[in-house]
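Coordinates in review
Here is how the chains run, residue by residue.
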Amino acid sequence: MKYVGKPTPRVEDDVILRGRATYVDDIEPPGVLYAGFVRSPYPHARVIKVDLTDVVVAKGVVAVFSSEPPFALGGKVRYQGEAVAMVLARDRYLLQDALEKAVVEYEPLPPVLDMYEAMKPGAPLVDESLGTNVVYDKTYEGGDAALRGAVVIEGRLSVRRVIPSAMEPRGVVAVYDGNMLTIWTSTQVPFDVKKEVASALNLPLSSVRVIQPYVGGAFGSKVLVYPEEIYVAAAAYRLTTAVKWTATRSEDFKTTTHGRAMDLEYKVGVSKDGRVETIEGVIYADAGAYYWGEGLVDTAARMLTGPYDVKYARVRAVAVLTNKTPLGAYRGAGRPEATFFIERIMDRVADELGLDPVEVRKKNLIKQLPHTNPFGITYDTGNYIATFEKALEKLGYFKLKKWAEEEWEKNKRMIGVGFSTYVEITTFGHETVIMRVERDGSVTVYTALAPHGQGLATALAQIVAEELEIPMERVRVVWGDTAHVPDGVGTMGSRSITAGGSAAILAVRQMKSKLAEAAAEVLKCQPEYKEGVFHCGGKSVELRDVVKHMYKKRIQPIVEVTYRAEATFPFGVHIAVVEIDPETGFVKPLIYKSYDDVGVVVNPLLAAGQIHGGALQGISQALYEEAIYDNAGNLITQNLALYPLPTAVEAPVFEVHFAEEFHPSKHPTGTKGVGEIAAIAAPPAVVNAVEDAVRKTSRARFCKTPITPEEIYNAIWKIAPPLC
Amino acid sequence: MKISLKINGVLHEVEVEPRKLLVHLLRDLGYKSVKVGCDTATCGVCTVLLNGRPVKSCNLLAVQTDGAEIMTVEHNEMESLRVSFKKHHASQCGYCTSAMLTIAYYLKKTAKTREEIVEGLSGVLCRCTGYQNIIEAI
Ligand code: FES
Ligand code: FES
C-alpha cells in the first residue's frame, strides 16, 4: 500500500463540493440570539459614556452589555473598530437597526499612526501604563565581528501592512445549557479558546467544549483568541442561552489582525567579490494597538541572514504600538519579511558591485549543513548550492531570461524575470494522536491539528494507511472538537504534518506491537506483519480477527502518542515572470515556478495547492495589497471594494517542482512543511522580476512591497526612478 | 410580502420582509451553501444562478426574485463538476467553492476559451487557491 508521495484527492472535498460543509455562520442552535458590537469610529479616544437607552427598548433586542464583560479596557479605545458594547437581538436585521441607536460619547485623543512618530519623545501614548510606545526592544548578536567586508552598503527596506483576508470573516457561536458551555468558532487553535474562555469565566476546563467547524481560511489571522470569542461565550454563559456573532467584512478588516508591517534599516559589509560578511540593522514592526503579534519581529530578526553564510550579524528587533489594528501572524509570520530583506540585500549587492545575482547567491549560500546561523538557529539538512543550481536549471531560469530579452528586442514587451531563494523555519511544539482500531480493523485517528483548507485529514490518513499497510478508505481522521481529540497546539507555522503526522506514525508503530502481542496469542508464535495480516509458523490471522480477540479479552486497541517536534528548515528557489504595461505601470504576473526541498512530500497534489495559494498571496503583497490609514486613523481600505485581492485574471500560470534529491527532516515523517514557503519566496522574486523589466529603460531599484503602478510608471519613464 | 420561487427545481412559497436580501432568504431556507463574504457585493461567494445566469445573491432583494428559478450548488446537475473539482484539487477551505462550482456550471455552457473562463471566474474571489486548479477543473 503506497500512499505517501502519491497525488491523492482530498476526503474533505466530498462534503465541501456538495455545499454541505458547515462553517460557523451555518450553525443555528434553537433560539439563538445574534450578537453585534458597537464599535469606535475613533482610533484613539476616551470613552466617556455609553448610552444604550434607546437600544434596550428597540424591537427585537434581548440584552445589552457595556461594562461586563469589560469593554474598552482602561476606558479607552486604541484603534478604529474596537468594541465598546455588545447587543443581543432575536434577528440580524433588527440587530443592525438597534446598533444604530447606540449613543457613545467619546473624547477623541490625538492618534499616533506612524511608528517612527510613535517612537519620538512626547508622542501620544497608545498604552499609558507602559510610558512608551516601544513595546518590545531586543538585540540579537552573534558571529565573528572581526571579519569586515571592504565595501559597506546601507539602506532601508519596507514590507507594508496587509490584511490577511480569509474569505470567511470571523465568527463564533456559544451555547450554555446550564452545565456545559459549547463554542463553535472560526479558529486555528480550539484548545487556546477553551483555555482562555474557561479562565475568563472561571469555569472548569471540563465544562468548556470548543468545536472548530469548517473554517473558511485563516492564514495565521485566526491563531489568536479574540475578544469577541470571549464576549460571546460570556454572554451565552451569563444568560444561559445561545449566542452567535458573525463579523461583517468591514468589521473583520478592522478587528482581525493585520500582517507584515516591518521595516529594516541595514548596513552590510561586503567583500569586493560579493561575499556578505556582516549584517547590522534594526527591524521595526508596526505592532498596532495591542502587542498581540509577539515573536514576529524576533523571527524576522533571527532569520535575517537567510540561507547565507554571514559571519557576523547584529539585529535589533523593535515593536512599536500605534493606533491601528493589532499586528498578528500572516502566512510566514516573520519569515517573509526576513526573506524579502535579505534577498533584496543580495540583489543590491550584485547591482552595486556589478555582479550577477546568481553568482552572488552561489558565493554566499551555506556550503555545509547542519549550519548554525549567527543567532544560534541550526538549519538541519540540505545541500543549498546543489539544490540552487539544480533549481535554476529545472526552472529554465536562463532560458526565460533570454526569452524576455528577445521579446523586448523584437516586440518591445517589457517582461521581467526574477528569482528568490530562501530558507525558512517551520514546526515547533508537541502534538498528540490517539488512535483506535475499531472492531472491524478500520482505524480512527484523533488529532488536535486544526486544518482549515490544507487537507490534513487526507494527509494524515495517507500516512497512517501507509504505515499500517491498510487501504486509506479504512482510516478516518477526527479533528476540531476538544471533547473528542487530545489536547494539542493546532495548525500554524507549517507544522501540522511534521508534528501531528510524526505522532501518528509513532502511534501506528506502538499499535503494531500491541497488535502483534495479541496476534502471538492467537497464532501461538511470534508473527510478522504485512498488509493487514499477521503470519508465523505457516499460519496467519487478519487484523480484524486480532482486534476481535483483543476486544473479547477486554483489551482496547487504543494508543496515545505525544511527539515533540523540533524546528526544521525547507529551502528552495522560486521564479516569477511578469509583464509591465508601460502605458499604465500595471504588472501582469505571467508565470510562477517553484523548486523546493521540503523533505518528504506526503501529497504532491495538496502541496502544489499550498504553493499556488501562498504564491498568489505573495505576488499580491508585492504588487497590490496595502492596508492604508488616513491621517485621522481611519482604515481607508476597510472592505473588499477598497482592498484589492487578486482574481483569476491576476493569477499567473504555476509550475511546481519538488526536489528529486530532497533532504528529509529528522522527524518520523521526514517532512519539513510546505504551507508558507511560497508566501515567503514570492514577494522578493516578484519585486526582482519587476525590477528586471523596468531595467529595460531605467536603473531603478525597488525597496518595498507593494510596488504601485505609479512607482513603476515613474521608474520606466524616468520621472522618479526609486533607487535605494 | 409573499413570493414564490423555484430553488433547485423545488417550488417555495414564502413570506419575506421587503428588505431581506436574497442571500439571507436562501440561507434561512436551508441553502447554506450560499455564503456571505463581504458587504460591498465584491467577493462573489454568494453567487447563485438566477434564471440560468450568475448573480450575487447579496445584491438582490428576495422580493425581486418572485417567480424566478434559482440554482445553487446543492443541485444534482453539479455532479460531474464536483468530480472534476476533486480531481484537480480546486478547493481548499471551501468557502468560495459553492460559488466557484456554480459559476463553473454556467461557464461550462457559455465560455469557449480559457480567457473567457478566467474572465468569468474573476467575479468570485478565492484566497486559498491560485485559481489555476479551478480553471483546469472547468
Ligand atoms: S457576499 Fe460578497 S458579493 Fe455577495
Ligand atoms: S478555497 Fe478558500 S476561499 Fe477559495
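For the structure itself, look to the data block above.
Here goes a summary of the coordinates provided.

Definitions and cut-offs
- Residues numbered from 1 in each chain as written.
- Chains lettered and ligands numbered in written order.
- Predicted model: local features only at pLDDT ≥ 70, side-chain atom pairs only at ≥ 80, totals over all residues.
- Heavy atoms only, no water.
- Helix = DSSP H or I, 4+ residues; strand = E, 2+ residues; numbered from the N terminus.
- Rg over C-alpha atoms; globule rule 2.2 N^0.38 Å.
- Contact = heavy atoms within 4.5 Å.
- Areas by Shrake-Rupley, 256 points an atom, 1.4 Å probe, with all protein chains shown as cover.
- Lys, Arg positive; Asp, Glu negative; His and termini not counted.
- Charge placed at Lys NZ, Arg CZ, Asp CG, Glu CD.
- Pairing = 2+ DSSP bridges.
- Axes fitted to C-alpha atoms, helices over the stretch in contact; angles between N-to-C directions.
- 1 Å grid on protein atoms, 1.4 Å probe; cavity = no way out; pocket = protein on both sides within 12 Å on 5 of 7 lines; lining within 4 Å.
- Points joined across faces, edges and corners; volume = space filled by probe spheres on them.
- Buried area = accessible area lost by both parts, 1.4 Å probe.
- Salt bridge = Lys/Arg side-chain N within 4 Å of Asp/Glu carboxyl O.
- Polar contact = N/O pair within 3.5 Å; in protein donor to acceptor, adjacent residues only side chain to side chain.
- Buried < 20%, exposed > 50% of the residue type's maximum accessible area, 1.4 Å probe, protein only.
- Phe/Tyr/Trp six-rings, centres within 6.5 Å; stacked < 30°, edge-to-face > 60°.
- Disulfide = S-S within 2.5 Å.

**Focus: the overall build of chain B**
Looking only at helices and strands, chain B has 5 helices and 5 strands in total. Ordered by position in the sequence, the α and β elements of chain B form the string β-β-α-β-β-β-α-α-α-α. The C-alpha radius of gyration computed for chain B amounts to 15 Å, which stays within 12% of the reference 14 Å derived for 138 residues, consistent with globular compactness. Seen along its three principal axes, the alpha-carbon backbone of chain B occupies a region of about 45 × 30 × 25 Å. A separation threshold of at least 6 residues defines the contact pool for chain B, and within that pool the share at least 24 residues apart is 54%. Element-wise, carbon and sulfur atoms account for 51% of the exposed surface of chain B, whose accessible area totals about 5,400 Å². Each charge class in chain B was averaged separately, 17 positive and 14 negative side chains, and the resulting centres sit 5 Å apart.

**Some thoughts on the sheet that holds strand β14 (residues 276-288) of chain A**
Residue and element names in this part refer to chain A. The mixed open sheet is built from 6 strands, whose spatial order is β7-β15-β14-β13-β8-β29. Where the open sheet ends on each side, the last strands, each with one partner, are β7 (134-143) and β29 (704-705). On the sheet, helix α9 (residues 335-353) packs against β8 (151-162), β13 (259-270), β14 and β29 and is oriented at approximately 145° with respect to β8.

**Quick look at the layout of surface pockets**
Estimates place the volume of the second largest pocket at around 950 Å³. Taken together, 39 residues make up the lining of the second largest pocket; nearest its centre are Q96(A), A247(A), T248(A), E251(A) and D39(B). Secondary structure elements with two or more residues in the lining of the second largest pocket: β1 (33-39), α3 (92-99), β12 (242-246) and α7 (249-255) of chain A together with α1 (22-28) of chain B.

**Structural notes on the interface of chain A and chain B**
Listed by partner, the interface residues are 55 residues for chain A and 46 residues for chain B. Here chain A meets chain B over a buried area of about 4,100 Å², counting both sides, of which 56% is carbon and sulfur. Among the residues of chain A in contact with chain B, L17(A), Y93(A) and M167(A) are the three that bury the most area, contributing 20% of the side total. Where chain A packs against chain B, one counts 8 salt bridges. Between D26(A) and K35(B) there is a salt bridge, with the nearest N and O atoms lying 2.6 Å from each other. Counting across the interface, chain A meets chain B through 25 residue pairs in polar contact (both at pLDDT 80 or more). For the side of chain A that touches chain B, the secondary structure elements donating two or more residues are α1 (13-16), α3, α7, α16 (604-623) and β28 (653-658) of chain A. With 8 residues, the top contributor of residues to the side of chain A that touches chain B is α16(A).

**Some words on the side chain of E676(A)**
Summarising the element assignment, E676(A) is placed in the loop between β28 and α17 (677-694). Among the polar contacts made by the side chain of E676(A), one reaches the side chain of R335(A) at a distance of 2.6 Å.

**Remarks on the environment of N373(A)**
Residues and elements named next belong to chain A. Within the fold, N373 resides in the loop between β16 (371-372) and β17 (378-379). Given a relative accessible area of 3%, N373 falls into the buried group. For the pair N373 and G480, spaced 107 residues apart in sequence, the C-alpha to C-alpha distance is 37 Å. With sequence-adjacent residues up to four places away left out, N373 is seen in contact with R302, T305 and Y379.

**Quick look at the packing of aromatic side chains**
Two measures describe an aromatic ring pair: the distance that separates the ring centres and the angle between the ring planes. Under the counting rule described, the total for this entry stands at 24 aromatic pairs over all chains. Summarising the aromatic geometry, the rings of Y379(A) and F569(A) are spaced 5.1 Å apart at their centres and angled 50° between planes, so their arrangement reads as tilted. With Y379(A) in strand β17 and F569(A) in the loop between β25 (558-564) and β26 (571-581), the pair connects residues that are 190 residues apart, well separated along the chain. The same class applies to Y379(A) and to F569(A), which are both buried. Members of the aromatic cluster, each reached through a chain of ring pairs, are Y23(A), Y214(A), W479(A) and Y95(B).

**Some points on the pairing of β28(A)**
Pairing geometry for strand β27 (residues 586-597) of chain A and β28(A), over 6 bridges, is parallel. What sits directly across from I591(A), in β28(A), is V653(A).

**Structural notes on the state of the cysteines**
All names here are of chain A. With the rule as written, the count across this model stands at 1 disulfide over all chains. The disulfide partner of C525 is C536, and the S-S distance across this bridge is 1.8 Å. Its S-S torsion of approximately 80° makes the covalent link between C525 and C536 right-handed. Highlighted residues: C525 in the loop between α14 (496-523) and β22 (528-530) and C536 in strand β23 (residues 533-536), separated in sequence by 11 residues. For C536, a relative accessible area of 10% gives the class buried.

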